[in-house]
Amino acid sequence: MRTALAATAAALVVAALPATAQPPAEIDLRFERVSPWTAPDRPLEIAVTLSNRSALPLENPSIGVSVYGRVLSRSELRAALDGRPRSSLIATVTEDLAAPLQAGATQRVAVTRDLGQLATSFRPPRARGGVYPIEIRLQDDRRILSRWFTAVPFFSRPPPQQLNVAWIWSVHRPPAFDADGKPDPAALEASLRRSGLARAAAALARTSVRATVAVTGSLLDSASAGAAGSPLASDLLAGLRALAESPSVELAALPYGRADLTALAGAGLDGDVARQMSESADTAARVLGRRPDLSLLAPPGFRLDPRAATLAAPLGVRRVILDPALLPPIEDQALEGALFGPSRPVRVSAAPGVAFDALLVDPEIRERLRGPGDPVLVAQGVLAETASSFFELPLLASARVIVVASDVLPGSRTAIALLRSLTAAPWIRMRTVGEAFSSLQSEEAPLPLAPAGALPELPYLAAARAARRAVDVARAVVVGPAAGIDALDRLILDSESADWSIAPAGGVAIAETARRKARDFLGTIRAPDRQVTLTSRRGALPVTVVNGTGLEIRLRVRLSSVKATFPAGESRLLETGARIATLEFPAVARATGSFPVTVLLQTVGGETIATGRVVVRSTAVGAVALAATGGGALFLLGAWVRRVLRRRRARPATTNPLPGPRTPG
């Protein structure tokens, strides 16, 4: 048995900002808290937990904090978050541990300072609101052991307006199956433990934060199937159902297996673009009790091309979350899009008659969420990005929207830290994506959606294409619902996931499992070989069909032979749920002796799924043969009669003489 790979496609365990140095391997430093924002009456607080896993104590440890001057642009902020602050140093503070950190010991350290006491930059009348880079160091009395960079917004006065922020939760875990193509609860449990999805969903459900959630049908099916054997799967379902019931949460459409719709269309799997979306929506309605809004699409990777958009349009897609790289530069928006980044919905033209509205993902925030580092610092970096956007145009903040999104939801620590930060930020107004579309109308000319161009052949999509052909044939012969065929269909959708772009063998294995099962299913339908004797020229030719599927099937039974004709037609439609069914075809033999008749079992559309053979032995004598035989006999009889008569006429006439006296000897 080939083992269908448990999905190991890169689970995005996000963390934060790159550091210029990493802590010694034996010293663990974990950030517990960084103040989301500061003000004259809100001090800066940084809390960390240190763990010494070495065999020696850490002598004279301390936490150092340096504050740099406020950034003047988002590019300057990004440089600072990446460890290259360009502004000057304005304050430094050090918090010493009370004693050496002993081997095996753990200690929490908090640094709390009023920024106004550290620098005049934070005291009236010089205080200016902005985003200030922060450097955090772990050090002893001889050297810096490691350092991290983040940034903290400072408000000298309450913000005059609020910036709209739409956060999209793309909830997905790669599928995990056993060798028979069934969900693997143990693998799912391990995957959910690494990601912490259940904790993140529960945390969002406990708030009233307005957010847009998009869940893959694959995850919902896996969690439902594994709930009995995976406590975390059960917890995840409970959290997602609570989100589905929340009036502050909007459910957007996400393909069933997190398939790249552009890649699907490019691979010739056009029908699966609609299948991915409709199957995911049906699964969410069944499992969560709420159907996602198919008019609102959050495509994987926020990627879509004109062909995929055209294929998705019949489902009612009218609003899409997009990567801004798919559109030409926005240079003439009223809010100076080229300078401040995409901050309003845009109208997009995909093809003649196919257009939609789009919100553009903030690319810097997206990159920040997928980078490495500490989860708390990731959340703080994202928050600093939103604050930097706010300070660019504070008086027009309410007319702008920043889309916070990542390819999949970050790990639970990042998601929960960001959730707390966003809800506490006074310059932010959380919106669902639908609300952002409604309140911030696009007033610009439509922008053309870039074509995908030439796409490489992806092995897992090629395998999915072959499996799709086999499963479609199996579905074509079944009358009515078939849970087994539906399960194979979902396996194919899973095999098409973008997860497999970095591990193609996993997707290929899942697709081949679906294909093998479909062929095994079709193999239970057959036409056994048999022999039939016809004693007259015309007769009935019986054909037996064995149905081992256990389901009602519909087939076209077709006969073919060069030595027989079928007056009532060479094909018949058979619909049966019985294990054995027999059809009789009126036949006319063209010859005596034995000859084969080929039996084809086909779908109604003409796809052959099985063949058989009926060997016909014809002992019939036809009218021509009888006439020929009778004529020959009459001819021979006539010839014999003529011969006899001719002989008699040819013999000379003779008279028998009377007996006379004998002559004496």
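Residues numbered from 1 in each chain as written. Predicted model: local features only at pLDDT ≥ 70, side-chain atom pairs only at ≥ 80, totals over all residues. Heavy atoms only, no water.

Observations regarding the overall build of the protein chain
Part 1 of the argument: The helix and strand tally for the protein chain stands at 18 helices and 26 strands.
Part 2 of the argument: Burial analysis of the protein chain (665 residues in total) assigns 51% to the buried set.
Part 3 of the argument: Considering only contacts within the protein chain whose residues lie at least 6 apart along the sequence, 74% involve residues at least 24 apart.
Part 4 of the argument: Working note: accessible area of the protein chain is about 29,600 Å², and carbon and sulfur atoms make up 53% of it. (Helix = DSSP H or I, 4+ residues; strand = E, 2+ residues; numbered from the N terminus. Buried < 20%, exposed > 50% of the residue type's maximum accessible area, 1.4 Å probe, protein only. Contact = heavy atoms within 4.5 Å. Areas by Shrake-Rupley, 256 points an atom, 1.4 Å probe, with all protein chains shown as cover.)

Points about the packing of aromatic side chains
Given two aromatic rings, one states the distance between the centres and the angle between the planes to describe the pair.
Part 1 of the argument: This model, assessed by the stated rule, comprises ten aromatic pairs.
Part 2 of the argument: Taking 5.0 Å as the distance between ring centres and 35 degrees as the angle between the ring planes, the aromatic pair formed by phenylalanine 155 and phenylalanine 391 counts as tilted. Taken as a pair, phenylalanine 155 in the loop between strand 7 (144-154) and strand 8 (163-171) and phenylalanine 391 in helix 12 (residues 375-392) lie far apart in primary sequence, 236 residues in all.
Part 3 of the argument: For phenylalanine 155, a relative accessible area of 4% translates into the label buried.
Part 4 of the argument: Look at phenylalanine 155 and tryptophan 427: their rings are 5.1 Å apart centre to centre, the planes differ by 20 degrees, and that puts the pair in the stacked class. A residue pair is termed long-range when its members are at least 10 positions apart, and phenylalanine 155 in the loop between strand 7 and strand 8 and tryptophan 427 in the loop between helix 13 (412-424) and strand 16 (428-431) qualify at 272 residues. Residues phenylalanine 155 and tryptophan 427 agree in their burial class; the two are buried.
Part 5 of the argument: Put simply, the rings of Trp37, Phe155, Phe390, Phe391 and Trp427 touch in pairs and so form one group of aromatic residues.
Part 6 of the argument: The ring of tryptophan 37 has arginine 42 sitting right over it, with the charged end atom 4.0 Å from the ring centre.
Part 7 of the argument: Geometry around phenylalanine 585 places arginine 572 over its ring, the cationic atom sitting 5.5 Å from the centre. (Phe/Tyr/Trp six-rings, centres within 6.5 Å; stacked < 30°, edge-to-face > 60°. Lys NZ or Arg CZ within 6 Å of the ring centre and 35° of its normal.)

Structural notes on the pairing of strand 2 (residues 44-52)
Part 1 of the argument: Strand 2 sits mainly inside the fold: eight of its nine residues count as buried.
Part 2 of the argument: Strand direction decides the pairing type here: strand 1 (residues 27-34) and strand 2, joined by seven bridges, are antiparallel. Paired with isoleucine 27 across the two strands is asparagine 52, which belongs to strand 2. (Pairing = 2+ DSSP bridges.)

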